[in-house]
Amino acid sequence: MHNYNGNYMRKKILTLTIASIFSCAGFSQNDIDVASQTDRYNLTLEQCIEYAFGNSLERQNMKLSEKVSEYSYEQAKNNRKPQVSGSISESLSHSGRESDVNLGGNIGINAGATLYQGGAIKNNIEKSRIEANNAVVRTDQYDHNLIIKILQNFLTALSSEELLRYQKVILETSEEQLRQGEEKYKVGTILESDYLILQAQHANDECNLQSSQINRDNALLNLKLALSMDPNAELTLVYPDTTDMEALAEMPSVETAIQRTLDTYPDMILAKSNIEIQRINEEITRAGRRPTVSASAGLSTGHRNFDDFGNQLVDRFSQSLGVSMSVPIYDRGKTKTSLKMNEIQTKMAEVDMQETELKLRQTVAVECANVDLAYRKFKTNEKRAQAYKAVYDAYNMKFKYGTITSVDLLQQQNNYINYLTEYVRSKYSFILERKILDVYMDYPIKYEAVRVK
């Protein structure tokens, strides 16, 4: 019965590993030649974010939109000032008789200002100010989403790179096992099937290494796309300090994290601002029911022909000053209807804010739970990987001295690889969840871009 199980396991492992060889061959046939690199970058996470901020075309458009909103705000403030215009005209007239030709001209300066418009001018200034602030907040909103995207791609690339390093060590060990197996097979201390299993496992380890290299390269390519970087550029990532994971696991209470998010997150700021804008729109509409008071002033002079030109300008010099008031009486219900619509839009903005707050509360609460769960999973997988590493090392030593078969060794090796993979993934999954929570809470990050030539 024991021999049957051993033969069965040998056949099963041999079949799976040989199948992986053919799968791996497919990767080698699809290798892509990359053009010569023109730029090399050696970037930390913070430097990646700074690079993306400086190269994102969408972000550049948003910064330009900030300028447009700023100019609109300046113009809204200038609307309080009087408007001044000048005019000059010359005319020639002929009454029909040959000698009756008249040449005349006028020069004038006129100024006008709206003194009162039911508060519309003041409210339009305030509305423009809020809209200018919102343009900045929308850029912050884009930045938050971009940071999360870069976090995901950066940490995925690091995870693939770290797993690749482990797999290189495993492949070196596999090569040593194959060398030892060949010597044992030559002297007859192991069966041919055991030696073939070692060959198949070595090929499988090579295939896994190539697969990890492809995953790493794909992750780096996705990161370059998120950074708006040339896909052909050479990008090397600087590993963050992950030695003190316990300190990274420290975080505020759930309610503190939620309140911090509600106070600082762009989505919430924009939702509150939208309510203010809608309320201002109500006041602007109400201004349509109030009188408008305007003032005007003017200076003018003129001449008729050029006889005694200077005296004519003095004699015809005139000044004017006036105040006018326009009182709305009936506008066919337009103001009333507009006001009702404004009030509905204000209520809709209030509902939107409540919905935004609810979603943020739920999101941050879930994110806090995800951080805690990811950390627990990481610690569990760390212990498992360490334990299976110790077992694998012990079995590797036993195989060296010929006390176990290759099947026994490879079972432990596969267990170790599986838990090692889970450990690496859970490690960077925890870091990702923790960093995303920091983004929600709007904790500042210092950036310093580095470019290596």
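My aim in this report is to walk through the structure given alongside it, one point at a time. Given the structure is predicted, the values throughout are model-derived calculations rather than measurements.

1. Remarks on the overall build of the protein chain
Argument step 1. Within the protein chain, the regular secondary structure consists of eleven helices and six strands.
Argument step 2. Counting all 453 residues of the protein chain, 37% fall into the buried class.
Argument step 3. The contacts in the protein chain between residues at least 6 apart in sequence include a share of 83% that link residues at least 24 apart.
Argument step 4. With an accessible surface of roughly 26900 Å², the protein chain has 52% of that area assigned to carbon and sulfur atoms.

2. Side note on a nonpolar patch on the surface
Argument step 1. A cluster of nonpolar side chains, V84, I109, L299 and F317, forms an exposed patch at the surface whose accessible area comes to about 380 Å².
Argument step 2. Structurally, the position occupied by L299 is in strand β5 (residues 292-304).
Argument step 3. Owing to a relative accessible area of 42%, L299 belongs among the partly exposed residues under this scheme.

3. Considering unusual backbone geometry
The phi angle of most residues is negative, glycine excepted, and most peptide bonds adopt the trans form.
Argument step 1. At S228, a position not held by glycine, the phi torsion is positive, near 60 degrees.
Argument step 2. Relative to the helices and strands, S228 is located in the loop between α5 (192-227) and β4 (234-237).
Argument step 3. On the basis of relative accessibility, which here comes to 38%, the residue S228 falls in the partly exposed class.
Argument step 4. Not every positive phi belongs to a glycine, and R332 is a case in point at roughly 60 degrees.
Argument step 5. Considering the arrangement of structural elements, one finds R332 in the loop between β6 (318-326) and α10 (334-400).

4. Here's the deal with the packing of helix α4 (residues 120-187) against helix α11 (residues 406-440)
Argument step 1. Across the interface, α4 lies against α11 with an axial gap of 10 Å and an inter-helix angle of 160 degrees. Comparing their axes, α11 and α4 come out roughly antiparallel. Seen along the crossing, α4 lies across α11 with a hand that is right-handed.

5. Topic: the nonpolar core
Argument step 1. With 71 residues, the main nonpolar core has I150, L227, L235, L237 and F430 as its most contacted residues.
Argument step 2. Residue contributions to this core peak at 14 residues, all from α11.
Argument step 3. Those residues in contact with I150 that sit more than four places away from it in its chain are L45, C48, I49, A52, L223, A226 and L227.
Argument step 4. Counting five residues, the second-largest nonpolar core is a separate cluster that includes A76, I121, I125 and A132.

6. Describing the pairing of strand β1 (residues 40-43)
Argument step 1. Because side chains alternate across β1, one face comprises the buried residues Y41 and L43, and the other comprises R40 and N42, none of which is buried.
Argument step 2. Alignment of β1 against β4, held across four bridges, turns out to be parallel. For R40, the partnering residue across the bridge sits in β4 and is E234.

7. A look at α10
Argument step 1. Across its 67 residues, α10 extends 93 Å between first and last C-alpha, which sits within 8% of the 99 Å expected from 1.5 Å per residue.
Argument step 2. Of the residues one or two after α10, G402 is the one with positive phi, at around 80 degrees.

What counts, and where the lines are drawn
- Residues numbered from 1 in each chain as written.
- Predicted model: local features only at pLDDT ≥ 70, side-chain atom pairs only at ≥ 80, totals over all residues.
- Heavy atoms only, no water.
- Helix = DSSP H or I, 4+ residues; strand = E, 2+ residues; numbered from the N terminus.
- Buried < 20%, exposed > 50% of the residue type's maximum accessible area, 1.4 Å probe, protein only.
- Contact = heavy atoms within 4.5 Å.
- Areas by Shrake-Rupley, 256 points an atom, 1.4 Å probe, with all protein chains shown as cover.
- Patch = residues over 30% accessible without salt bridge, like charges linked within 9 Å, V, L, I, M, F, W, Y side chains within 5 Å.
- Salt bridge = Lys/Arg side-chain N within 4 Å of Asp/Glu carboxyl O.
- Axes fitted to C-alpha atoms, helices over the stretch in contact; angles between N-to-C directions.
- Parallel < 35°, antiparallel > 145°, perpendicular 65-115°, else oblique.
- Left-handed = near helix turned anticlockwise from the far one by under 90°.
- Core = buried A, V, L, I, M, F, W, Y, C linked by side-chain atoms within 4.5 Å.
- Pairing = 2+ DSSP bridges.
- Expected span 1.5 Å × (residues − 1).

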